[in-house]
Amino acid sequence: MTMAHRAEAFARTAHTGQKDKAGAEYIDHPRRVAARAAIIAPEAIREEAVAAAWLHDTVEDTGATLGALREAGFPEHVVDAVDRLSHRPGVALEAYFARLRDSDIARIVKVADLIDNTSPERAALLDEATRERLRRKYARSWQLILGED
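Residues numbered from 1 in each chain as written. Predicted model: local features only at pLDDT ≥ 70, side-chain atom pairs only at ≥ 80, totals over all residues. Heavy atoms only, no water.

Asker: Give me the packing of helix H2 (residues 28-40) against helix H8 (residues 104-117): which residues, what numbers.
Answerer: Where H2 meets H8, the axes come as close as 8 Å, and the angle between the chain directions of the two elements is 125°. Here H2 is positioned oblique relative to H8, judged by the angle of their axes. In the packing of H2 onto H8, the handedness of the crossing is right-handed. Taking contact as the criterion, the partners of His29, Arg32, Val33, Arg36, Ala37 and Ile40 in H2 are, on H8, Ile108, Val109, Val111, Ala112, Asp113, Ile115, Asp116 and Asn117. A class-by-class count of the residues in the contact of H2 with H8 yields 8 nonpolar, 2 polar and 4 charged. (Axes fitted to C-alpha atoms, helices over the stretch in contact; angles between N-to-C directions. Helix = DSSP H or I, 4+ residues; strand = E, 2+ residues; numbered from the N terminus. Parallel < 35°, antiparallel > 145°, perpendicular 65-115°, else oblique. Left-handed = near helix turned anticlockwise from the far one by under 90°. Contact = heavy atoms within 4.5 Å. Nonpolar A, V, L, I, M, F, W, Y, C, P; charged D, E, K, R; others polar.)

See the structure below:
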């Protein structure tokens, strides 16, 4: 079983029963992010980027820990990318993105994540207030991932 398949299985278990803001199965989001990461990532780090994409919300949004990822046998550079992708309470958005930009894998996954989070199809499923709040949030996120502080 490839690392990407192991990451998918881990993510599917971790996100069991979760729904997104529109009421769809949450695991569809990591699936789409992983598919985009596979397109964006250079071949040399594609498998790691796809694995990190599947795992990118597990530590932040489930009971999974970085230690659990290590115990599951994921390489340290994939665990590090997931760590960089996980928001921490009290950490400013600017600091979060600065740390994230220092990892090729994390940066690729975040770009894939932002593409998915800003898709017009997904936004159309949300109420107007949520759409506007997320539009502002993600506009700032795009500036920060591109280093346009």
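The structure having been displayed, the exposition proceeds.
Asker: An account of the side chain of Glu48 is requested, with residue identities and associated values reported.
Answerer: Within the secondary structure, Glu48 is located in helix H3 (residues 46-55). Arg46 provides the closest opposite charge to the buried, unpaired Glu48, separated from it by 9.0 Å. (Buried < 20%, exposed > 50% of the residue type's maximum accessible area, 1.4 Å probe, protein only. Lys, Arg positive; Asp, Glu negative; His and termini not counted. Salt bridge = Lys/Arg side-chain N within 4 Å of Asp/Glu carboxyl O.)

Asker: Report on the side chain of His56, specifying residues and quantitative values.
Answerer: Looking at the secondary structure, you find His56 in the loop between H3 and helix H4 (58-61). One polar contact links His56 to Asp57, side chain to side chain, over a distance of 3.2 Å. Residues in contact with His56, not counting those within four places in the same chain, are His29, Pro30, Val33, Leu85, Ser86, Val109 and Asp113. (Polar contact = N/O pair within 3.5 Å; in protein donor to acceptor, adjacent residues only side chain to side chain.)

Asker: Outline the packing of aromatic side chains, listing residues and values.
Answerer: The way to describe two aromatic rings as a pair is by their centre distance and the angle between their planes. The full count for this structure, using the stated rule, is 2 aromatic pairs. Taking 5.0 Å as the distance between ring centres and 85° as the angle between the ring planes, the aromatic pair formed by Tyr96 and Phe97 counts as edge-to-face. By relative accessible area, which is 5% here, Tyr96 ends up buried. Since its relative accessible area comes to 0%, Phe97 is described here as buried. One Lys or Arg, Arg6, reaches over the ring of Phe74 and ends 4.8 Å from the middle of that ring. (Phe/Tyr/Trp six-rings, centres within 6.5 Å; stacked < 30°, edge-to-face > 60°. Lys NZ or Arg CZ within 6 Å of the ring centre and 35° of its normal.)

Any link to function would need more than the numbers given here.
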